[in-house]
Amino acid sequence: MLSVCLCHAEQAYGEVNQLGGVFVNGRPLPNAIRLRIVELAQLGIRPCDISRQLRVSHGCVSKILARYNETGSILPGAIGGSKPRVTTPNVVKHIREYKQGDPGIFAWEIRDRLLADNVCDKYNVPSVSSISRILRNKIGNLSQPSQYENVKQQSSQPTIPYNHLYQYPYPNPISPGSTKVGSHHPGVHVPTGHCQHSQVLAISPFCQ
DNA sequence: TTCGTGACGGTTGAA
DNA sequence: CATTCAACCGTCACG
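Criteria and cut-off values
- Residues numbered from 1 in each chain as written.
- Chains lettered and ligands numbered in written order.
- Predicted model: local features only at pLDDT ≥ 70, side-chain atom pairs only at ≥ 80, totals over all residues.
- Heavy atoms only, no water.
- UniProt positions renumbered as here; feature names shortened; annotations may be inferred.
- Helix = DSSP H or I, 4+ residues; strand = E, 2+ residues; numbered from the N terminus.
- Contact = heavy atoms within 4.5 Å.
- Core = buried A, V, L, I, M, F, W, Y, C linked by side-chain atoms within 4.5 Å.
- Buried < 20%, exposed > 50% of the residue type's maximum accessible area, 1.4 Å probe, protein only.
- pLDDT = per-residue confidence, 0-100.
- Near = heavy atom within 4 Å.
- Polar contact = N/O pair within 3.5 Å; in protein donor to acceptor, adjacent residues only side chain to side chain.
- Nonpolar A, V, L, I, M, F, W, Y, C, P; charged D, E, K, R; others polar.

- Per an unreviewed UniProt entry, chain A goes by the name Paired domain-containing protein and belongs to Staurois parvus.
- What UniProt records for chain A under Subcellular location (unreviewed entry) is the sentence "Nucleus".

**Description of the side chain of H94**
Then step 1. Relative to the elements of secondary structure, H94 occurs in helix α4 (residues 89-101).
Then step 2. What H94 contacts, discounting residues up to four positions off in sequence, is L114 and V119.

**Some thoughts on the nonpolar core**
Then step 1. Membership of the largest hydrophobic core comes to 15 residues, with the highest contact counts inside it found for I95, I110, L114 and I131.
Then step 2. Of all the secondary-structure elements, those providing two or more residues to this core are α4, α5 (107-116) and α6 (128-139).
Then step 3. Among the nonpolar cores identified, the runner-up in size contains 14 residues, and L29, I50, L54 and I74 belong to it.

**Concerning the confidence of the model for chain A**
Then step 1. In the predicted model, chain A carries a mean pLDDT of 70, and 61% of its residues have values of at least 70.
Then step 2. Confidence over residues 1-11 falls short of pLDDT 50; this stretch has 12 contacts with residues more than four positions distant or in other chains.
Then step 3. Between residues 144-208, whose pLDDT stays under 50, and residues either more than four places distant or in other chains, the model counts 91 contacts.

**Examining the protein's contact with DNA strand C**
Then step 1. Near DNA strand C lie 22 residues; those nearest to it are Q18, R34, S57, R67 and G77.
Then step 2. Of everything in DNA strand C that lies within 4 Å of the protein, sugar and phosphate atoms constitute 77%.
Then step 3. The separation between a phosphate oxygen of DNA strand C and a polar side-chain atom of Q18 is 2.5 Å.
Then step 4. Here a sugar or linking oxygen of DNA strand C and a backbone polar atom of A78 are 3.5 Å apart.
Then step 5. Looking at the surface near DNA strand C element by element, the count peaks at five residues for helix α3 (residues 58-71).
Then step 6. Residue composition of the surface near DNA strand C, grouped by class: eight nonpolar, nine polar and five charged.

Put into structure tokens, the structure is as follows:
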């Protein structure tokens, strides 16, 4: 019971599951635990045992392991936000082109051109304020915004990959979070490294 | 017994 | 600035 690392006031709150484990409803498990799940699995421990040992539901263990096998990342998916409704990648691309062709162009002019060029129709053309926001947020310095349209990659490496404020113990920069496809060696690439020799089960190499 | 799955109640964050 | 709402979360229970 008192083996859990409550080091700090951390997120000592939350709810307790059937196995006695602490979790925060709606929030991802801490990276430290996600990492342990993968590590134990690589050690040959069965998912059902991992579940009991870490007190994480087997459904969750199953999900995290499956995701790791697929993407090579232990990180949770991107939560929140909303998909572009009118601001599709294609629209953004055109706006960028218009802006590059005429840096002094007004948002309303861009809007007109989107319609004129049939990039959008009157039902899905972005509002002028949306266009302004696009110019500000996505285009900003139109110096050399990389030609390729990495549809959803662009926001993956601004600063820290995940949770800057959320009080998760962040032991190490697991997989860079973004370039998931990079390591397609599931089962060879667990970013251990810091778990020296001490038994992997020690729960608090990184409290705090 | 183990494990995949999906409903559920929850949080997040770009638009 | 506040609101929307679709994305993801982990747990639980079923099969």
